[in-house]
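Survey of secondary and tertiary structure
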Amino acid sequence: MSNIDLKPKTKAKIKIERPKLHKVILVNDDYTPREFVVSVLKAEFRMTEDQAYKVMLTAHQRGVCVVGVFTKDVAETKATRATDAGRAKGYPLLFTTEPEE
Ligand code: TYC
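Per-chain numbering applies: the sequence of each chain, read as written, is numbered from 1 onward. Local features in a predicted model are, by the rule used here, given only for residues with pLDDT of at least 70; side-chain atom pairs are given and counted only at 80 or more, and totals for whole chains, interfaces and linings are based on all residues. Remark: hydrogens and water are excluded; side-chain values derive from all non-hydrogen atoms of the structure.

**A short note on the UniProt feature "domain: Adaptor protein ClpS core" (unreviewed entry) in the protein chain**
Those places that UniProt annotates as "domain: Adaptor protein ClpS core" (unreviewed entry) correspond, in this numbering, to residues 18-96. The span residues 18-96 is 54% helix and 23% strand, and its two end C-alpha atoms sit 22 Å from each other. UniProt positions are given in the numbering used here, feature names are shortened, and annotations may be inferred rather than shown by experiment. By definition, any uninterrupted DSSP run of H or I lasting at least four residues is a helix, any uninterrupted run of E lasting at least two residues is a strand, and each is numbered from the N terminus.

Pasting the structure below:
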């Protein structure tokens, strides 16, 4: 009978971290019409008229408003599409993204 220890001396530790979510932020400006901001929020972020109006008004009054939280890819795609929708009409409407803490 052998006394040789064949057990591995180290254990592989598998650490699974959930992907960081990213906020999409609506930035106020002086030129984009309120109704247009509301229509973009409804189209790109699947908001109701009431939800979209509240988000638009918060950005209008405070300068910025968090529109929603998504995976990085989805946040960036939505922010780009929504910003492009404004640019297509000649508006300086801006959506940015930032990682959640
Ligand atoms: N401030 C704009 C206006 O008075 C409306 C507006 C609201 C524009 C929110 C952008 O993110 C925004 N017409």
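**Re the nonpolar core**
Joining through side-chain atoms within 4.5 Å is the link that ties buried Ala, Val, Leu, Ile, Met, Phe, Trp, Tyr and Cys residues into a set, and such a set is a nonpolar core. Only protein chains enter the calculation, and the probe is 1.4 Å; a residue is then buried if its accessible area is under 20% of its type maximum, exposed if over 50%, and partly exposed in between. Ranked by internal contacts, the top residues of the largest apolar core, which has 20 residues, are L26, L41, F45, V67 and F95. Listed by contribution, the elements that provide at least two residues to this core are β1 (21-27), α1 (34-45), α2 (49-62), β2 (64-71) and α3 (72-88). The element that contributes the greatest number of residues to this core is α1, accounting for 6 residues.

**Thoughts on the packing of α1 against α3**
Contact geometry of α1 with α3 gives a least axis separation of 10 Å together with a crossing angle of 145°. Taken as a pair, α1 and α3 cross one another with a handedness that is right-handed. Each of F36, V40, E44 and F45 in α1 lies in contact with α3, whose residues at this interface are K78, R81, A82, A85 and G86. Split by residue class, the contact of α1 with α3 holds 5 nonpolar, 1 polar and 3 charged. Each axis is a line fitted through C-alpha atoms, taken for helices only over the stretch in contact, and angles between the N-to-C directions span 0 to 180 degrees. When the near helix sits turned anticlockwise from the far one by under a right angle, the crossing is termed left-handed; a clockwise turn instead gives a right-handed crossing. Contacts are assigned to residue pairs that have any heavy atoms within 4.5 Å of one another. For this scheme, ten residues count as nonpolar: Ala, Val, Leu, Ile, Met, Phe, Trp, Tyr, Cys and Pro. Four count as charged, namely Asp, Glu, Lys and Arg, and the remainder, Gly too, count as polar.

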